[in-house]
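# Architecture and fold: a report
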Amino acid sequence: MLENLEKYKIILASNSPRRKELLSGLGIKYEVKTLPGIEETYPDTLKAEEIPLYIACEKAAAYRNTMHPDELIITADTIVWLDGVVMGKPHNEDDARQMLWKLSGKTHQVITGVCLTTARTQRSFSAVTEVTFAELSDEEINYYIRVYKPMDKAGSYGIQEWIGFIGVCGISGSYFNVMGLPVQCLYTELKKL
């Protein structure tokens, strides 16, 4: 599958172990290449899906000047969106605790923006998944933060970890999107290149 990609050297511009695992699941060869110091800021006027799309495209722009003609760069960004507010990665344990309390007993959106960049073209898309959490106790939240240390995860949780097992009571959309890469959508877009 995806024989059309054989003309490209595929670069995943992410150190996320989850994105590496998910991209590997598509059975394509790629290498990881990251640049230090890429800003993940965005204009205050952006909302919901616009935010991770903007950041994914900004990450891609950082690679443009050093790209080889045969490279395909995959960049992505994931946010958690609850009541009109972005929940990014927590700054510390207290921040993580606050986020999980806010998510407890509510439905939120996980939104991933993906940008596919070659020397000649750029395509971007986003995926939205709705996730519902059961009520979480303080003891459950504290245990999860202490044991799993979710400081590198948007919204302070990984659905594939303990908190997902005991806390997620509903999901609508791509499970893999919640992990950080909507691989079915990515596969569809890669076929078009």
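In this text, all values refer to a predicted model and were calculated from it rather than measured experimentally.

### Considerations on the UniProt feature "active site" (unreviewed entry) in the chain
In the numbering used here, UniProt assigns the feature "active site" (unreviewed entry) to Asp77. Residue class for aspartate 77 comes out buried when judged on its relative accessible area of 6%. In this structure, aspartate 77 is in contact with Arg19, Glu40, Pro52, Ile55, Ala56, Lys59, Ile111, Thr112 and Gly113, ignoring residues within four places of it in sequence.

### Side note on the nonpolar core
Taken as a class, soluble globular proteins show a tendency for nonpolar side chains to be buried jointly. Within the largest apolar cluster, 39 residues are counted, with the highest numbers of intra-cluster contacts made by Leu5, Leu116, Tyr157 and Leu190. Examining the composition of this core, we find that five residues originate from one element, strand S3 (residues 71-82), more than from any other. When sequence neighbours within four positions are dropped, the list of residues in contact with leucine 5 reads Ile10, Ile28, Leu72, Leu190 and Leu193. With seven residues, the next largest nonpolar core counts Ala48, Ile55, Ile79 and Ile111 among its residues.

### Things to note about the UniProt feature "site: Important for substrate specificity" (unreviewed entry) in the chain
The sites that UniProt annotates as "site: Important for substrate specificity" (unreviewed entry) are Arg18, Thr78 and Gln160. Of the annotated residues named above, the ones that line the largest pocket are Arg18, Thr78 and Gln160. Structurally, threonine 78 can be placed in strand S3. Relative accessible area serves as the criterion here: at 16%, threonine 78 is assigned to the buried category.

### Topic: the environment of proline 52
Relative to the elements of secondary structure, proline 52 occurs in helix H2 (residues 50-64). Looking at proline 52, the relative accessible area reads 0%, which means it is buried. The sequence separation of proline 52 and lysine 102 amounts to 50 residues, and the corresponding C-alpha distance is 21 Å. What proline 52 contacts, discounting residues up to four positions off in sequence, is Asp77, Ile79, Ile111, Thr112 and Gly113.

### Things to note about H2
Counted at 1.5 Å a residue, the expected span for H2 with its 15 residues is 21 Å, and the 21 Å between its end C-alpha atoms agrees. Buried within H2 we find Ile51, Pro52, Ile55, Ala56, Lys59, Ala60 and Tyr63. Against the buried residues of H2 lie S3, strand S4 (85-87), strand S5 (107-117) and strand S6 (122-133).

### Things to note about the side chain of serine 104
Relative to the helices and strands, serine 104 resides in the loop between helix H3 (93-103) and S5. Serine 104 sits in the buried class, given a relative accessible area of 10%. In this view, serine 104 contacts Phe133, Ala134, Glu135 and Leu136; residues no more than four positions away in its chain are not counted.

### Topic: the packing of aromatic side chains
Under the definition given, this model contains four aromatic pairs. An angle of 85° between the planes, with centres 4.9 Å apart, marks the rings of phenylalanine 133 and tyrosine 157 as edge-to-face. Here the residue phenylalanine 133 occupies a position in strand S6, and tyrosine 157 occupies one in the loop between helix H4 (138-148) and helix H5 (162-167), the gap between them amounting to 24 residues. Residue classification places phenylalanine 133 among the buried positions, given a relative accessible area of 2%.

### What to know about the pattern of salt bridges
Overall, the coordinates contain eleven salt bridges when judged by the stated rule. Ionic pairing is found between aspartate 83 and lysine 106, a salt bridge with its closest N-O pair at 3.8 Å. With aspartate 83 in the loop between S3 and S4 and lysine 106 in the loop between H3 and S5, the pair connects residues that are 23 residues apart, well separated along the chain. Of the charged contacts, one joins glutamate 189 and lysine 192 as a salt bridge, the two residues approaching to 3.2 Å between their closest N and O atoms. Judged by its relative accessible area of 13%, glutamate 189 falls in the buried class. Judged by relative accessible area, lysine 192 falls into the partly exposed class, the value being 49%.

Quick notes on the rules
- Residues numbered from 1 in each chain as written.
- Predicted model: local features only at pLDDT ≥ 70, side-chain atom pairs only at ≥ 80, totals over all residues.
- Heavy atoms only, no water.
- UniProt positions renumbered as here; feature names shortened; annotations may be inferred.
- Buried < 20%, exposed > 50% of the residue type's maximum accessible area, 1.4 Å probe, protein only.
- Contact = heavy atoms within 4.5 Å.
- Core = buried A, V, L, I, M, F, W, Y, C linked by side-chain atoms within 4.5 Å.
- Helix = DSSP H or I, 4+ residues; strand = E, 2+ residues; numbered from the N terminus.
- 1 Å grid on protein atoms, 1.4 Å probe; cavity = no way out; pocket = protein on both sides within 12 Å on 5 of 7 lines; lining within 4 Å.
- Expected span 1.5 Å × (residues − 1).
- Phe/Tyr/Trp six-rings, centres within 6.5 Å; stacked < 30°, edge-to-face > 60°.
- Salt bridge = Lys/Arg side-chain N within 4 Å of Asp/Glu carboxyl O.

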